[in-house]
Amino acid sequence: MKIDVLTLFPSMFDGFLNESIIKRAIEKKQVEINIINFRDYSKLNNKMVDDTIYGGGPGMLLRCEPIFECIDDINKDNDAYIVLLTPEGNKFNQAKAKKYSKIKHLIIICGHYEGFDERIKTLADEEVSIGDFVLTGGEIPSMAIMDATIRLIDGVINKESLESESFEDNLLDYPVYTKPRVYRGMEVPPVLVSGDHKKIDKWREEKRIEKTKNKRPDLME
Ligand code: ADE
(Lines give C-alpha, C1' and ligand atoms only; values in the text may rest on other atoms or scores of the structure.)
Protein backbone atom coordinates (compact mmCIF):
# COMPACT_ATOMS: atom_id res chain seq x y z
CA MET A 1 0.00 0.00 0.00
CA LYS A 2 1.17 3.53 -0.77
CA ILE A 3 0.06 6.53 1.31
CA ASP A 4 0.87 10.11 0.27
CA VAL A 5 0.25 12.76 2.93
CA LEU A 6 -0.02 16.41 1.86
CA THR A 7 1.00 18.71 4.70
CA LEU A 8 2.68 22.02 5.46
CA PHE A 9 4.36 20.53 8.54
CA PRO A 10 6.34 17.45 7.47
CA SER A 11 8.50 17.31 10.59
CA MET A 12 5.40 16.55 12.70
CA PHE A 13 5.59 13.03 11.22
CA ASP A 14 9.19 12.27 12.25
CA GLY A 15 8.34 10.39 15.44
CA PHE A 16 5.33 8.64 13.95
CA LEU A 17 7.33 7.16 11.05
CA ASN A 18 10.30 6.11 13.14
CA GLU A 19 8.83 4.07 15.97
CA SER A 20 7.29 0.70 16.63
CA ILE A 21 4.85 -1.04 14.27
CA ILE A 22 4.72 1.73 11.65
CA LYS A 23 8.51 1.81 11.37
CA ARG A 24 8.62 -1.97 11.00
CA ALA A 25 5.84 -1.99 8.37
CA ILE A 26 7.81 0.58 6.33
CA GLU A 27 11.04 -1.41 6.67
CA LYS A 28 9.26 -4.59 5.57
CA LYS A 29 7.78 -2.68 2.60
CA GLN A 30 4.23 -3.48 3.71
CA VAL A 31 3.50 0.23 3.36
CA GLU A 32 5.22 3.15 1.61
CA ILE A 33 4.54 6.55 3.16
CA ASN A 34 5.47 9.78 1.40
CA ILE A 35 5.19 12.99 3.40
CA ILE A 36 4.82 15.79 0.85
CA ASN A 37 5.10 19.47 1.64
CA PHE A 38 2.61 21.02 -0.78
CA ARG A 39 4.24 24.41 -0.26
CA ASP A 40 6.78 23.13 -2.79
CA TYR A 41 4.02 23.32 -5.41
CA SER A 42 3.26 27.00 -4.82
CA LYS A 43 4.13 29.15 -7.84
CA LEU A 44 3.96 32.43 -5.93
CA ASN A 45 6.95 34.42 -4.69
CA ASN A 46 7.82 33.39 -1.16
CA LYS A 47 5.91 30.09 -1.71
CA MET A 48 2.68 31.48 -0.29
CA VAL A 49 -0.07 28.84 0.12
CA ASP A 50 -2.90 30.81 1.74
CA ASP A 51 -4.83 34.01 1.13
CA THR A 52 -7.62 36.25 2.39
CA ILE A 53 -11.29 35.32 2.02
CA TYR A 54 -13.44 36.68 -0.83
CA GLY A 55 -16.39 38.55 0.63
CA GLY A 56 -14.49 39.22 3.85
CA GLY A 57 -14.02 37.30 7.05
CA PRO A 58 -11.28 36.57 9.55
CA GLY A 59 -8.14 34.54 8.82
CA MET A 60 -6.68 33.02 5.70
CA LEU A 61 -7.65 30.08 3.50
CA LEU A 62 -5.49 27.52 1.73
CA ARG A 63 -5.37 28.35 -1.97
CA CYS A 64 -6.33 25.85 -4.65
CA GLU A 65 -3.26 25.76 -6.88
CA PRO A 66 -0.60 24.16 -4.65
CA ILE A 67 -2.91 21.29 -3.73
CA PHE A 68 -4.30 20.74 -7.27
CA GLU A 69 -0.77 20.87 -8.77
CA CYS A 70 0.51 18.44 -6.15
CA ILE A 71 -2.32 15.96 -6.79
CA ASP A 72 -1.75 16.20 -10.58
CA ASP A 73 1.88 15.29 -9.92
CA ILE A 74 1.40 12.36 -7.50
CA ASN A 75 -1.81 10.89 -8.98
CA LYS A 76 -0.82 10.65 -12.63
CA ASP A 77 -2.54 7.27 -13.02
CA ASN A 78 -5.66 8.75 -11.43
CA ASP A 79 -6.03 5.61 -9.32
CA ALA A 80 -5.75 7.06 -5.81
CA TYR A 81 -8.48 7.29 -3.17
CA ILE A 82 -8.29 10.86 -1.90
CA VAL A 83 -9.26 11.76 1.66
CA LEU A 84 -9.60 15.37 2.78
CA LEU A 85 -9.36 15.89 6.54
CA THR A 86 -11.85 18.30 8.05
CA PRO A 87 -13.93 18.36 11.24
CA GLU A 88 -17.00 18.49 8.98
CA GLY A 89 -16.26 15.12 7.34
CA ASN A 90 -17.66 11.61 7.81
CA LYS A 91 -16.63 10.16 11.16
CA PHE A 92 -13.62 7.83 10.94
CA ASN A 93 -14.12 4.39 12.52
CA GLN A 94 -12.85 0.81 12.44
CA ALA A 95 -14.94 -0.02 9.35
CA LYS A 96 -13.23 2.80 7.44
CA ALA A 97 -9.81 1.62 8.69
CA LYS A 98 -10.59 -1.82 7.26
CA LYS A 99 -11.70 -0.35 3.94
CA TYR A 100 -8.59 1.86 3.67
CA SER A 101 -6.26 -1.06 4.53
CA LYS A 102 -7.29 -2.70 1.22
CA ILE A 103 -6.63 0.41 -0.92
CA LYS A 104 -3.50 0.40 -3.12
CA HIS A 105 -2.93 4.17 -3.18
CA LEU A 106 -4.33 6.51 -0.55
CA ILE A 107 -3.79 10.27 -0.57
CA ILE A 108 -4.52 12.23 2.61
CA ILE A 109 -4.80 16.01 2.48
CA CYS A 110 -4.19 17.81 5.78
CA GLY A 111 -5.93 21.18 6.00
CA HIS A 112 -4.61 23.96 8.20
CA TYR A 113 -5.25 27.54 9.26
CA GLU A 114 -8.88 28.69 9.00
CA GLY A 115 -9.80 26.20 6.31
CA PHE A 116 -9.49 25.78 2.57
CA ASP A 117 -10.96 27.13 -0.61
CA GLU A 118 -14.22 25.24 -1.24
CA ARG A 119 -12.97 24.07 -4.68
CA ILE A 120 -10.33 21.86 -3.01
CA LYS A 121 -13.20 19.61 -1.90
CA THR A 122 -13.81 18.60 -5.53
CA LEU A 123 -10.52 16.66 -5.44
CA ALA A 124 -11.64 14.40 -2.61
CA ASP A 125 -13.38 11.03 -2.77
CA GLU A 126 -14.31 11.56 0.86
CA GLU A 127 -14.12 14.20 3.59
CA VAL A 128 -13.19 12.61 6.92
CA SER A 129 -13.17 13.74 10.56
CA ILE A 130 -11.74 11.95 13.59
CA GLY A 131 -14.31 13.44 15.96
CA ASP A 132 -16.46 16.41 16.86
CA PHE A 133 -13.66 18.75 17.91
CA VAL A 134 -11.48 21.19 16.02
CA LEU A 135 -7.73 20.62 15.84
CA THR A 136 -5.21 23.10 14.47
CA GLY A 137 -4.70 20.92 11.42
CA GLY A 138 -5.11 17.53 9.81
CA GLU A 139 -1.68 16.20 10.77
CA ILE A 140 -2.72 14.45 14.00
CA PRO A 141 -5.92 13.06 12.40
CA SER A 142 -3.84 11.75 9.48
CA MET A 143 -1.53 9.91 11.88
CA ALA A 144 -4.50 8.40 13.74
CA ILE A 145 -6.03 7.24 10.45
CA MET A 146 -2.73 5.83 9.15
CA ASP A 147 -2.05 4.00 12.40
CA ALA A 148 -5.50 2.39 12.51
CA THR A 149 -5.23 1.48 8.80
CA ILE A 150 -1.66 0.18 8.61
CA ARG A 151 -2.04 -2.24 11.52
CA LEU A 152 -4.84 -3.92 9.51
CA ILE A 153 -2.74 -4.48 6.36
CA ASP A 154 -2.16 -8.22 5.91
CA GLY A 155 0.96 -9.33 7.76
CA VAL A 156 1.60 -6.15 9.79
CA ILE A 157 0.13 -7.62 12.99
CA ASN A 158 -0.55 -11.30 13.54
CA LYS A 159 -4.11 -12.27 12.60
CA GLU A 160 -4.95 -13.72 16.02
CA SER A 161 -4.42 -10.37 17.77
CA LEU A 162 -6.88 -8.72 15.39
CA GLU A 163 -9.61 -11.34 15.62
CA SER A 164 -11.08 -10.59 19.02
CA GLU A 165 -10.23 -6.92 19.40
CA SER A 166 -12.67 -4.12 20.07
CA PHE A 167 -15.18 -3.25 17.33
CA GLU A 168 -14.97 -6.71 15.73
CA ASP A 169 -18.63 -7.85 15.45
CA ASN A 170 -19.55 -4.44 16.89
CA LEU A 171 -18.43 -5.56 20.35
CA LEU A 172 -15.70 -4.30 22.67
CA ASP A 173 -12.84 -6.61 23.64
CA TYR A 174 -13.02 -8.90 26.69
CA PRO A 175 -11.02 -8.04 29.85
CA VAL A 176 -7.49 -9.50 30.04
CA TYR A 177 -5.06 -10.09 32.93
CA THR A 178 -1.42 -11.04 33.46
CA LYS A 179 0.67 -11.99 36.53
CA PRO A 180 0.52 -11.65 39.50
CA ARG A 181 -2.70 -13.55 40.18
CA VAL A 182 -3.60 -11.29 43.11
CA TYR A 183 -2.56 -7.62 43.23
CA ARG A 184 -3.61 -5.28 46.05
CA GLY A 185 -6.52 -7.57 46.83
CA MET A 186 -7.71 -7.70 43.21
CA GLU A 187 -7.89 -11.28 41.96
CA VAL A 188 -7.77 -12.60 38.41
CA PRO A 189 -11.17 -14.23 37.66
CA PRO A 190 -10.71 -17.93 38.58
CA VAL A 191 -12.17 -19.19 35.28
CA LEU A 192 -9.10 -17.79 33.48
CA VAL A 193 -6.74 -20.04 35.43
CA SER A 194 -9.05 -23.07 35.30
CA GLY A 195 -7.41 -24.47 32.16
CA ASP A 196 -10.92 -25.15 30.76
CA HIS A 197 -10.82 -23.43 27.37
CA LYS A 198 -14.50 -23.97 26.57
CA LYS A 199 -15.42 -22.17 29.78
CA ILE A 200 -12.87 -19.44 29.12
CA ASP A 201 -14.24 -18.79 25.60
CA LYS A 202 -17.80 -18.64 26.97
CA TRP A 203 -16.75 -16.24 29.76
CA ARG A 204 -14.94 -13.99 27.29
CA GLU A 205 -17.92 -13.82 24.92
CA GLU A 206 -20.24 -12.98 27.82
CA LYS A 207 -17.88 -10.26 29.03
CA ARG A 208 -17.68 -8.72 25.55
CA ILE A 209 -21.46 -8.41 25.46
CA GLU A 210 -21.74 -7.16 29.07
CA LYS A 211 -18.97 -4.58 28.58
CA THR A 212 -20.43 -3.30 25.30
CA LYS A 213 -23.93 -3.01 26.86
CA ASN A 214 -22.47 -0.97 29.73
CA LYS A 215 -19.96 1.23 27.94
CA ARG A 216 -21.08 1.48 24.31
CA PRO A 217 -24.74 0.47 23.93
CA ASP A 218 -24.80 2.44 20.65
CA LEU A 219 -22.60 -0.25 19.04
CA MET A 220 -25.27 -2.89 19.62
CA GLU A 221 -28.16 -0.99 18.10
N1 ADE B 1 -8.85 19.12 11.16
C2 ADE B 1 -9.12 19.85 12.25
N3 ADE B 1 -9.89 19.17 13.11
C4 ADE B 1 -10.11 17.95 12.55
C5 ADE B 1 -10.83 16.79 12.94
N6 ADE B 1 -11.50 16.74 14.09
N7 ADE B 1 -10.82 15.74 12.11
C8 ADE B 1 -10.17 15.80 10.92
N9 ADE B 1 -9.47 16.85 10.50
C10 ADE B 1 -9.44 17.93 11.30
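Computed from a prediction, not measured in an experiment: that's the story for all the values here.

Trainee: Can you tell me about the nonpolar core, naming the residues and giving the values?
Mentor: Grouped together as the largest cluster of nonpolar side chains are 30 residues, with contacts concentrated most on Ile3, Ile33, Tyr100, Leu106, Met146 and Ile150. Where this core is concerned, the elements lending two or more residues are strand 1 (2-7), helix 1 (14-17), helix 2 (20-27), strand 5 (81-91), helix 4 (94-101), strand 6 (105-110) and helix 5 (139-150). A per-element tally of this core places helix 5 first, with 5 residues.

Trainee: Tell me about the site of the ligand, residues and numbers included.
Mentor: By nearness alone, every residue bordering the ligand is listed as Leu85, Thr86, Pro87, Val128, Ser129, Ile130, Gly131, Phe133, Val134, Leu135, Gly137 and Pro141. Contact distances for the ligand include 3.4 Å between a nitrogen atom and a backbone N or O atom of Thr86. One of the backbone nitrogen or oxygen atoms of Ile130 is found 3.1 Å away from a nitrogen atom of the ligand. Out of a free accessible area of 260 Å², the ligand has 96% covered by protein chains. For the shell around the ligand, the element with the most residues is strand 5, which contributes 3 residues. Looking at the shell around the ligand, its residues break down into 8 nonpolar, 4 polar and no charged.

Trainee: Lay out the packing of helix 4 against helix 5 in plain terms, naming residues and giving numbers.
Mentor: Taken N-terminus to C-terminus, the directions of helix 4 and helix 5 make an angle of 70°; their axes are 8 Å apart at the nearest point. Judged by the inter-axis angle, helix 4 sits roughly perpendicular to helix 5. Here helix 4 and helix 5 pass one another in a crossing that is right-handed. Side by side, helix 4 and helix 5 meet where Ala97, Tyr100 and Ser101 of the first sit next to Ile145, Ala148 and Thr149 of the second.

Trainee: Pulling in residues and values, what's your account of the domain arrangement of the protein chain?
Mentor: Here the domain parsing of the protein chain yields domain 1 (2-159) and domain 2 (164-220). When each unit is reduced to the centre of its C-alpha atoms, the spacing between domain 1 and domain 2 is 36 Å.

Trainee: Go over the packing of aromatic side chains with me, naming the residues and quoting the values.
Mentor: In this structure the tally under the stated criterion is 2 aromatic pairs. Seen from their ring centres, Tyr81 and Tyr100 are 5.9 Å apart, and the 50° between their planes marks the pair as tilted. Placement of the pair is Tyr81 in strand 5 and Tyr100 in helix 4, with a sequence separation of 19 residues. For the pair shown, Tyr81 and Tyr100 are each scored as buried. Between the aromatic rings of Phe92 and Tyr100, the centroid separation amounts to 5.9 Å while the plane-to-plane angle is 40°, which identifies the pairing as tilted. Comparing Phe92 with Tyr100 shows no difference in burial state: the two are buried. Members of the aromatic cluster, each reached through a chain of ring pairs, are Tyr81, Phe92 and Tyr100.

Trainee: I'd like a description of the pattern of salt bridges, backed by residues and values.
Mentor: Under the defined criterion, the tally for this structure stands at 15 salt bridges. As a salt-bridge pair, Glu65 and Arg63 come within 2.6 Å of each other at their nearest N and O atoms. For Glu65, a relative accessible area of 34% corresponds to the partly exposed category. Among the salt bridges present, the one from Lys91 reaches Asp132, with a minimum N-O distance of 3.8 Å. Linking Lys91 in strand 5 with Asp132 in the loop between strand 7 (126-129) and helix 5, this pair joins segments that are 41 residues apart in sequence. Taking relative accessible area as the criterion, Asp132 reaches 69% and is therefore assigned exposed. One network of salt bridges, in which partners are shared, links Asp51, Arg63 and Glu65.

Conventions and cut-offs
- Residues numbered from 1 in each chain as written.
- Predicted model: local features only at pLDDT ≥ 70, side-chain atom pairs only at ≥ 80, totals over all residues.
- Heavy atoms only, no water.
- Core = buried A, V, L, I, M, F, W, Y, C linked by side-chain atoms within 4.5 Å.
- Buried < 20%, exposed > 50% of the residue type's maximum accessible area, 1.4 Å probe, protein only.
- Helix = DSSP H or I, 4+ residues; strand = E, 2+ residues; numbered from the N terminus.
- Near = heavy atom within 4 Å.
- Polar contact = N/O pair within 3.5 Å; in protein donor to acceptor, adjacent residues only side chain to side chain.
- Areas by Shrake-Rupley, 256 points an atom, 1.4 Å probe, with all protein chains shown as cover.
- Nonpolar A, V, L, I, M, F, W, Y, C, P; charged D, E, K, R; others polar.
- Axes fitted to C-alpha atoms, helices over the stretch in contact; angles between N-to-C directions.
- Parallel < 35°, antiparallel > 145°, perpendicular 65-115°, else oblique.
- Left-handed = near helix turned anticlockwise from the far one by under 90°.
- Contact = heavy atoms within 4.5 Å.
- Domains from an automatic or database assignment.
- Phe/Tyr/Trp six-rings, centres within 6.5 Å; stacked < 30°, edge-to-face > 60°.
- Salt bridge = Lys/Arg side-chain N within 4 Å of Asp/Glu carboxyl O.

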